[in-house]
Amino acid sequence: MERNILQLFEPYSLEYDFSIFLYISIAITVLFLVFLIIYKLFNKLRCFPYSRKKVIIDFNNPKETAYTITYMIYNYDTPYNQELLKRLEQYKYRKDVKPLDEETVKLIEKFLEYVKNA
């Protein structure tokens, strides 16, 4: 039962069945595509308008209100944008600001109503 040393290093013939690797790679690809489709559908369902964050406007804090409304102005196109930007400019970049005047509050309420219905 002596073996020749060269027989130990004899290369294997390519008669093996490699189809199992093909089946595994196809299964992994299909699973990836299924998870990708489920992920896309989940994100699409999550983006409905009722799931948006509620914006809280505190009219007692004019500086925060000015920054919040300005942020919203750049996200929504309304007929009130230019007028609001002009009015809110005096409340944003100052250390001490006076309370919001009645006209600005009414304009902000119109803007919020327009955005709510859009």
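Residues numbered from 1 in each chain as written. Predicted model: local features only at pLDDT ≥ 70, side-chain atom pairs only at ≥ 80, totals over all residues. Heavy atoms only, no water.

### What about the overall build of the chain?
Next up, step 1: A count of helices and strands for the chain gives five helices and zero strands.
Next up, step 2: Out of the 118 residues belonging to the chain, those deemed buried represent 19%.
Next up, step 3: Within the chain, counting contacts between residues at least 6 apart in sequence, those at least 24 apart form 58% of the total.
Next up, step 4: A total accessible area of about 10700 Å² is found for the chain, and carbon and sulfur atoms account for 61% of it. (Helix = DSSP H or I, 4+ residues; strand = E, 2+ residues; numbered from the N terminus. Buried < 20%, exposed > 50% of the residue type's maximum accessible area, 1.4 Å probe, protein only. Contact = heavy atoms within 4.5 Å. Areas by Shrake-Rupley, 256 points an atom, 1.4 Å probe, with all protein chains shown as cover.)

### Section: the packing of aromatic side chains
Think of a pair of aromatic rings as described by two things: how far the centres are apart, and how the planes are tilted against each other in angle.
Next up, step 1: Taken as a whole and judged by the stated rule, the model has two aromatic pairs.
Next up, step 2: Here tyrosine 67 and tyrosine 93 contribute two aromatic rings whose centre-to-centre distance is 6.4 Å and whose plane-to-plane angle is 85°, an arrangement assigned as edge-to-face. Of this pair, tyrosine 67 sits in helix H3 (residues 62–75) while tyrosine 93 sits in the loop between helix H4 (81–92) and helix H5 (102–117), placing them 26 residues apart in sequence.
Next up, step 3: What makes tyrosine 67 partly exposed here is its relative accessible area of 39%.
Next up, step 4: For tyrosine 93, a relative accessible area of 59% puts it in the exposed group.
Next up, step 5: For the pair tyrosine 80 and tyrosine 114, a centre-to-centre distance of 6.1 Å together with 85° between the ring planes defines the contact as edge-to-face. With tyrosine 80 in the loop between H3 and H4 and tyrosine 114 in helix H5, this pair connects stretches of sequence that are 34 residues apart. (Phe/Tyr/Trp six-rings, centres within 6.5 Å; stacked < 30°, edge-to-face > 60°.)

The quantities given are spatial measurements derived from coordinates; they are silent on function.
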